[in-house]
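Descriptive analysis of the structure
Okay, here's what each chain looks like letter by letter:
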Amino acid sequence: MMTKIFEWLIIFGILQGVFLLLIILSTSKLRNKKNRYLILMIAFLTIGQTGRFSYIEFLNGGNPTWMGIADIVIYTLPVTYFLYLKDQFRLNPNRFGWLHFIPAFVQSGFIIIGLLYPNKDLRASFQTEESQRLFKIFMAIGIAYHLIYYISSIITTKNYFKNITNRLSFQVENKYYVRFLILLGLGYLFWIYYYVRGVFFNTASILDYGMFWGALSLTICFIAYSLLQNPNQFYLEKAFEKYSSSKLKKPDITRLKKQLELLMLEQRPYLNSNLTRKDIANMTKISEPDVSRIINEGFGYNFFEWVNYYRVKDFMERVESKLNSNLTLFGVAQESGFGSKSTFYKAFRDITGKTPTEYFGK
């Protein structure tokens, strides 16, 4: 019964992968350079799922020749999703990025040799103690390889969204990337669980490993839904380095700090909920790196925090003067430039130590 469930799960994954590839490749808006690694990732997963189906047939007495292609996922999946994220963040790999695929090329060579020169006694050889030991070592290496790229992907994603707050006055939506990494992490937990049960307790079952593949199927479903629902969310602004070309000296920072203060008090650009560092640079004729440095060193904030400080002050003045008494607290916050309720509440609490309701007693 368990094997049958796993079999249907794999069949679903194969059909899903083929369907998604057909949609992407037949849609010019989706078939572009930014999705090249997404296409590769889906293709490799579909091939891998086909190999897992062959493995089930092998357990039922079928031909084991093709089941080795499932292992193509071991060294292709982590590379493709890592490079996929870098492409989405416009952190393009250098010209030697293809070196990431060397382990996959080597592994694929062995798989091709196995397909061209199949071992008729392969079934029996799998049962030997030496084969089982090599299999456990190979799987341990595979898990470690995946975790290296997975952790690197988390760090890359975290750093991107951390750095970009120095450029924008609003939060960039990161839920898609967080959920994508959570689903992958869930798959790895199942894989590690399967490995630990098999190596240390000798109680692993085929369904344990099947849950890893099930999590990968969910990941592809999630990508498909997100991509088809809103393709534009896959293109984010590139985060600049803080002071990549700033040559300001301390007297300059003091002088220009006053200029920025006057700008915020007199022209109130913070009322624009989509205000960016570039906007401030254009209004003051100060370069973007210099704007960052002035805000960081002069005010002690990043750009996101700095703009929200003025928005909170504006909000408090509006509430206290009853200027917008007909609006809710968040309605007033929107008038002050906030575009998100969560951003507003967090910014207000960070500055005052209280929620708006607690502060004003409403």
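This write-up is about the structure you can find in this document. (Residues numbered from 1 in each chain as written. Predicted model: local features only at pLDDT ≥ 70, side-chain atom pairs only at ≥ 80, totals over all residues. Heavy atoms only, no water.)

Structural notes on the packing of aromatic side chains
- With the rule as written, the count across this model stands at 27 aromatic pairs.
- Their ring planes at 90° and their centres at 5.1 Å tell us that Y160 and F161 sit as a pair that is edge-to-face.
- Judged by relative accessible area, Y160 falls into the buried class, the value being 2%.
- F161 sits in the buried class, given a relative accessible area of 11%.
- For the ring pair F315 and F344, a centre distance of 4.8 Å and an interplane angle of 65° mean the geometry is edge-to-face. Here F344 lies in helix α14 (residues 341-352) and F315 lies in helix α12 (residues 303-320), a separation of 29 residues in the sequence.
- By relative accessible area, F315 is classed as buried at 0%.
- Among the aromatic residues, those joined into a cluster by ring pairs are Y81, Y84, Y160, F161, Y176, Y177, F180 and F222.
- Here the guanidinium or amino end of K257 rests over the ring plane of F299, the centre of that ring lying 5.2 Å away. (Phe/Tyr/Trp six-rings, centres within 6.5 Å; stacked < 30°, edge-to-face > 60°. Buried < 20%, exposed > 50% of the residue type's maximum accessible area, 1.4 Å probe, protein only. Helix = DSSP H or I, 4+ residues; strand = E, 2+ residues; numbered from the N terminus. Lys NZ or Arg CZ within 6 Å of the ring centre and 35° of its normal.)

What about the pattern of salt bridges?
- In the structure shown here, the tally under the stated rule is seven salt bridges.
- Between D87 and R36 there is a salt bridge whose closest N-O contact spans 2.8 Å. Within this pair, whereas D87 is found in helix α3 (residues 72-88), its partner R36 is found in helix α2 (residues 36-59), the two being separated by 51 residues in sequence.
- The residue E297 makes a salt bridge to R293 at a minimum N-O spacing of 3.1 Å. Of this pair, E297 and R293 both sit in helix α11 (residues 288-299), four residues apart, which is roughly one turn of that helix.
- You can call E297 partly exposed: its relative accessible area is 43%.
- With a relative accessible area of 16%, R293 lands in the buried category.
- Linked through salt bridges whose partners overlap, the residues forming this network are R268, D314 and R318. (Salt bridge = Lys/Arg side-chain N within 4 Å of Asp/Glu carboxyl O.)

Quick look at unusual backbone geometry
- With a phi angle near 50°, R268 is a residue other than glycine that sits in the positive phi range.
- Accessibility expressed as a relative area gives 35% for R268, which makes it partly exposed.

Some details on the nonpolar core
- Ranked by internal contacts, the top residues of the largest apolar core, which has 49 residues, are M41, Y81, F180 and W191.
- If you list the elements that add at least two residues to this core, you get α1 (2-26), α2, α3, α6 (129-164), α7 (175-201) and α8 (206-229).
- Discounting chain neighbours no more than four positions away, the residues touching Y81 are M41, H146, Y149, Y150, S153, F180, L184 and Y188.
- Core analysis: the second largest hydrophobic core is formed by 19 residues, L256, L263, M264 and Y270 among them. (Core = buried A, V, L, I, M, F, W, Y, C linked by side-chain atoms within 4.5 Å. Contact = heavy atoms within 4.5 Å.)

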